Amino acid sequence: MATQITMPQMGFDMTEGTIAAWLKKEGDVVNKGEPIAEIETDKTTIQVESFSSGVLRKIIAQVGQKVPVGEVIGIIADPDEQVEAPQPSASAVSPAQPSVPKVNGAAQPAAPAPAAAQPPAPPVVNEGRIIATPVARRLAEERGIDLRYVKGTGPEGRITKADVEAFVPPARLAPEPEPIGKPVGSPILKEPEPTPRPAPAVEPALQPAVVPAVAPATKQPLTRMRQTIATRMVASKQQVPHFYITVSVEMDAALALRAQINESLKPEGIKISVNDMVIRAVALALRRFPNMNASFTPEGLEQHDHVHVGSAVTVEGGLVTVTVRDTDTKTLKQISQEMTALVERARNNKMQPGDIGGQTFTISNLGMYDVENFIAIVNQPDAGILAVATATPTPVVRNGEVVVRTIMRMTLSGDHRVTDGAEGAQFINEVKRLLENPWSLVL
Amino acid sequence: MAEITYREALKRALREEMQRDPTVVIWGEDVVAYAGGGAYGVTSGLAKEFPGRVRDTPIAEEAIIGVGIGAAMGGLRPVCEIMTVNFTLVAWDQIVNHAAKQSHMFNGQIKVPMVIRTPNGHGRTAATHSQNFDAWFAHIPGLKVVAPATPYDAKGLLKTSIRDDDPVVFLEHLQLYGTRGEVPDEEYLIPIGVSDYKRRGKDLTIVTWGRMTMESLKAARILAEEGVDVEIVDLRTLRPLDLSLAFESVHKTNRAIVVEEGWRTAGLGAEIAASLQEQAFNDLDAPIARVAGLEVPMPYAKNLERATLPFAEDVVAAVRAMMQKQY
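Here the structure is a predicted model, which means the values were calculated and not measured.

This part takes up the overall build of chain A. From N to C terminus, chain A includes 9 helices and 17 strands. Summing over all exposed atoms, chain A offers an accessible surface of approximately 21,600 Å²; the carbon and sulfur share of this is 54%.

Here is the structure:
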């Protein structure tokens with residue numbers, strides 16, 4: 001039977017996707033589970049896998065074409081089966097007209113294959129109106145889960161809270177929670193250097209009056225990631241009243257312990273980073289300060305049951321936030337392994353649903369760039385973000401003596417709607433305490 | 001802390017308030033003469049302790065309430081006892097059209113600081129004497145309606161009711177008079193309009209009051225053995241209705257059952273369920289269920305009376321059904 005390949009919805013806010021590439025040609029044999037096309041969304045590029053085996057009979061959406069979610073992009077069928085391609089919808093913006101087979105005469109558009117009769121993809125378990133309890137809907141929205149993919153176990157197949165909680169998105173097919181990892185602080189990564197100007201104050205008379213001294217500036221078109229970062233950062237700065245608290249952490253003990261741990265983990269090829277230690281410290285501190293693990297909503301402050309610590313990761317053209325879920329329940333070793341895998345996938349554009357977004361607090365670490373201190377923008381809907389700078393040997397006063405210690409500065413940006421300075425100060429000092437007593441991170 | 005009966009807790013509240021405030025008086029049928037004080041013994045001994053301030057009245061409920069209203073408007077704080085809630089029916093005009101309205105119709109210049117104490121409920125007393133009018137009184141603007149479940153709440157709320165400047169209908173329960181609970185010796189007050197957690201749990205919220213609070217607690221013990229951890233919100237006051245804890249609880253448990261003794265149709269449970277779905281809609285993982293009394297005039301036969309009323313086993317059954325998604 002012919003199977004329609006439709007534009008998948010990768011996240012609740014995705015309305016359309018662009019065909020980045022077809023990995024198969026018309027007439028190619030495809031096996032179930034084999035990647036057949038690459039889709040570019042606002043936030044990432046993903047591969048579409050085939051839900052059935054057969055022959056790719058029709059490519060309906062061409063490379064570069066924007067297709068609304070749910071529209072058919074291709075058809076897989078048996079080699080000799082007659083297939084009918086649906087007319088692309090008017091909303092599909094198409095640089096290259098897809099080849100539409102004429103079936104019932106020249107002027108007649110092909111009869112659209114009834115979508116309901118032919119489920120486009122096995123993972124879509126709910127067609128039409130979705131029956132779900134209110135709290136299940138709320139939770140799905142929070143986690144960016146598309147309820148069409150969730151099997152309900154309630155009366156008449158009603159989706160309950162437990163169904164959403166138990167839902168594991170099938171790799172690549174299911175929507176990704178919060179697809180683009182809510183990039184944090186474009187300014188923190190890309191605080192532009194003041195553009196050198198052709199010094200107008202000096203020797204103005206020598207400046208040509210009209211003719212520009214240099215070639216006109218070029219405009220780079222905004223990538224989708226750039227657009228998303230811009231939108232989210234502007235929203236955060238407009239909506240979130242930020243406040244900032246900086247502390248200095250003495251990292252000598254943590255670095256010594258890290259060296260010991262890494263020595264013992266050498267055979268396993270695992271290396272704990274300073275950032276892994278910060279992640280662990282933040283997760284433990286969040287458990288003690290549930291209000292820092294919260295979100296502002298107009299209806300009230302929502303304290304999250306889980307501690308999911310996100311970390312901003314630089315990728316080509318911007319950054320994403322990768323999330324270590326249930327961070328507070330994981331050991332340093334687990335965090336390290338997970339972070340290594342997450343960063344690897346993020347940089348290779350191989351992110352899986354669940355890798356990004358859904359965090360309850362975010363860390364932005366620029367330690368590797370030799371920065372003294374910096375300030376990050378709150379990654380909504382988190383209550384705070386911790387900006388971690390470089391650990392540097394620094395003269396400090398201890399017991400009246402000037403001594404050299406490895407100092408790492410951290411700055412908390414807090415959402416003042418959720419929390420206040422006093423709580424923020426106690427929280428960041430708890431993170432500091434944990435890092436300065438690093439055994440508490442492994443016990 | 002001493003364990004005393006619900007009946008004794010009420011008496012202590014009356015005694016303390018009469019000692020504290022000479023304007024507090026008690027009027028009602030047999031509050032002096034019958035069995036030493038009151039058909040259910042709540043006022044026993046008080047007539048001797050407070051000569052002239054505890055008076056038996058004729059069997060004329062309309063007059064008891066009417067005189068109480070007048071005395072309250074004139075500066076006393078009468079506690080009028082109506083022997084059973086069933087007899088308030090003949091005084092309904094005085095309660096609804098007079099007690100509840102005076103302050104509002106005269107721009108607050110007149111206050112009616114009276115308490116109408118009366119027991120709801122059953123006890124082999126047949127159709128005309130086994131009723132529960134919680135919802136009736138809770139429907140009336142201008143009244144405050146209190147329905148305590150425990151001796152502790154009964155004492156603290158009765159004292160507050162006596163001091164309140166509005167008419168308070170204080171609904172006791174025939175089946176609760178003999179129940180016991182801890183009550184401190186020192187004085188305390190419980191505000192009107194504040195609900196209370198009677199049990200903390202995480203799986204399901206029971207919203208209830210009065211006798212059904214105690215039945216729900218029994219049910220919770222049975223359910224705990226099955227691994228179901230219910231939270232019980234005791235409303236304590238029926239008007240004004242405080243659902244803040246109910247909302248808070250449902251936010252956590254996502255499931256709610258309203259348990260009431262009275263008839264289901266147009267009962268208070270319907271009001272509570274409606275408010276929950278209005279204000280906690282996004283927290284619900286199941287339709288709100290109701291446990292209520294069967295809608296028949298109360299049969300006299302003991303087995304039929306029992307079949308008519310909700311008990312712990314009915315609460316258990318409703319909770320099981322919800323946890324098993326049988327709705």
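Let's shift gears to the sheet that holds strand 3 (residues 29-30) of chain A. Residue and element names in this part refer to chain A. The strand order across the open sheet formed by 4 strands is 1-8-6-3, and the pairing between neighbours is antiparallel. Whereas interior strands pair on both sides, the edge strands pair on one side only; in this sheet they are strand 1 (3-6) and strand 3. Both strand 6 (residues 54-59) and strand 8 (residues 72-77) contribute to a ladder of 4 bridges, which runs antiparallel. By the bridge assignment, K58 is partnered in strand 8 with I75.

The next point concerns the sheet that holds strand 10 (residues 204-208) of chain B. For sheets, the rule is that strands pair by backbone hydrogen bonds, running either parallel or antiparallel. Residue and element names in this part refer to chain B. Here 5 strands make up an open sheet; going across it, the order is 9-11-10-13-14 and the pairing mixed. Among the strands making up the open sheet, the edge pair consists of strand 9 (196-199) and strand 14 (289-293). Each strand axis lies, on average, 25° off the axis of its neighbour in the sheet, ignoring direction. Note that strand 10 and strand 13 (residues 256-263) share 3 bridges and pair parallel. The residue bridging I206 from the neighbouring strand is I257, located in strand 13.

Evaluated as defined, the whole model comprises 46 salt bridges over all chains. Of the charged contacts in the structure, one is a salt bridge between E34(A) and K24(A), with a shortest N-O distance of 2.5 Å. Of the two residues, E34(A) sits in the loop between strand 3 and strand 4 (35-40) while K24(A) sits in the loop between strand 2 (16-22) and strand 3, which places them 10 residues apart along the sequence. The salt bridge involving E16(B) is made with K155(B); its shortest N-O contact spans 2.7 Å. In this pair, E16(B) sits in helix 1 (residues 6-20) while K155(B) sits in helix 7 (residues 151-163), placing the two residues 139 residues apart along the sequence. Each member of the pair, E16(B) together with K155(B), is buried.

Glancing now at the side chain of S413(A). Residues and elements named next belong to chain A. Mapping S413 onto the fold places it in strand 17 (residues 401-415). A relative accessible area of 0% places S413 in the buried class. Once residues lying within four places of it in the same chain are set aside, the contact partners of S413 are H242, F243, Y244, I375, A376, V378, A383, G384 and I385.

Geometrically, the link from Q380(A) to P381(A) is a cis peptide bond, its omega value of 10° lying close to zero. If you trace the backbone, P381(A) turns up in the loop between strand 14 (361-365) and strand 15 (384-388). The residue after R239(B), namely P240(B), is reached through a cis peptide bond having omega -5°. With respect to the element layout, P240(B) can be found in the loop between strand 12 (237-239) and helix 9 (244-253). In this model, N349(A) sits at a positive phi of 60°, which is unusual for a non-glycine residue. Assignment of secondary structure puts N349(A) in the loop between helix 7 (332-347) and strand 14. With a phi angle near 50°, N399(A) is a residue other than glycine that sits in the positive phi range.

Bringing the interface of chain A and chain B into the picture now. Tallying the contact residues gives 13 residues for chain A and 12 residues for chain B. Across the chain A to chain B interface the summed buried area is about 940 Å²; carbon plus sulfur atoms make up 49%. Between the two partners, chain A and chain B, sit 1 salt bridge. For D283(B), the salt bridge identified is with R138(A), shortest N-O distance 2.4 Å. Secondary structure elements with two or more residues in the side of chain A that touches chain B: helix 1 (134-143) and helix 2 (161-166) of chain A. With 4 residues, the top contributor of residues to the side of chain A that touches chain B is helix 1 of chain A. By residue class, the composition of the side of chain A that touches chain B is 5 nonpolar, 4 polar and 4 charged.

This paragraph deals with a nonpolar patch on the surface. On the surface, a cluster of nonpolar side chains totalling about 360 Å² of accessible area is made up of W439(A), V442(A) and L443(A). Mapped onto the fold, W439(A) is located in helix 9 (residues 439-442).

This brings us to helix 10 (residues 268-279) of chain B. All names here are of chain B. Under the 1.5 Å per step criterion, the end-to-end length of helix 10 is 17 Å for 12 residues, consistent within 8% with the ideal 16 Å. By the burial criterion, the buried members of helix 10 are L268, G269, I272, A273, S275 and L276. For helix 10, the angular spread of buried residues about the axis comes to 160°, placing them on one side. The inward-facing, buried residues of helix 10 contact helix 6 (134-138), strand 10, strand 12, helix 9, strand 13 and strand 14.

The next subject is the nonpolar core. One finds V282(A), L386(A), F427(A) and L435(A) to be the most contacted residues of the largest nonpolar core, which totals 54 residues. With 9 residues, the single largest contributor to this core is helix 6 (residues 274-288) of chain A. Contact partners of L386(A), with chain neighbours within four places excluded, come to V278(A), V282(A), F361(A), T362(A), I363(A), S364(A), M410(A), T411(A), L412(A), I428(A) and V431(A). By size, the runner-up hydrophobic cluster in this structure holds 39 residues, among which are I65(B), I82(B), M114(B) and I140(B).

A word on the confidence of the model for chain A. Residues and elements named next belong to chain A. Chain-level pLDDT for chain A is 80 on average; 79% of the residues reach the 70-or-more range. Across chain A, the element-wise mean pLDDT spans from 35 in helix 3 (residues 186-190) up to 97 in strand 15. In the model, residues 88-122 has pLDDT below 50 throughout and makes 51 contacts with residues more than four positions away in sequence or in other chains. Between residues 171-209, whose pLDDT stays under 50, and residues either more than four places distant or in other chains, the model counts 100 contacts.

Now for the confidence of the model for chain B. Put simply, chain B has an average pLDDT of 96, and 100% of its residues get 70 or more. If you check the scores for this complex, the pTM reads 0.53 and the ipTM reads 0.71.

Definitions and cut-offs
- Residues numbered from 1 in each chain as written.
- Chains lettered and ligands numbered in written order.
- Predicted model: local features only at pLDDT ≥ 70, side-chain atom pairs only at ≥ 80, totals over all residues.
- Heavy atoms only, no water.
- Helix = DSSP H or I, 4+ residues; strand = E, 2+ residues; numbered from the N terminus.
- Areas by Shrake-Rupley, 256 points an atom, 1.4 Å probe, with all protein chains shown as cover.
- Pairing = 2+ DSSP bridges.
- Axes fitted to C-alpha atoms, helices over the stretch in contact; angles between N-to-C directions.
- Salt bridge = Lys/Arg side-chain N within 4 Å of Asp/Glu carboxyl O.
- Buried < 20%, exposed > 50% of the residue type's maximum accessible area, 1.4 Å probe, protein only.
- Contact = heavy atoms within 4.5 Å.
- Buried area = accessible area lost by both parts, 1.4 Å probe.
- Nonpolar A, V, L, I, M, F, W, Y, C, P; charged D, E, K, R; others polar.
- Patch = residues over 30% accessible without salt bridge, like charges linked within 9 Å, V, L, I, M, F, W, Y side chains within 5 Å.
- Expected span 1.5 Å × (residues − 1).
- Arc of directions from axis to C-beta.
- Core = buried A, V, L, I, M, F, W, Y, C linked by side-chain atoms within 4.5 Å.
- pLDDT = per-residue confidence, 0-100.

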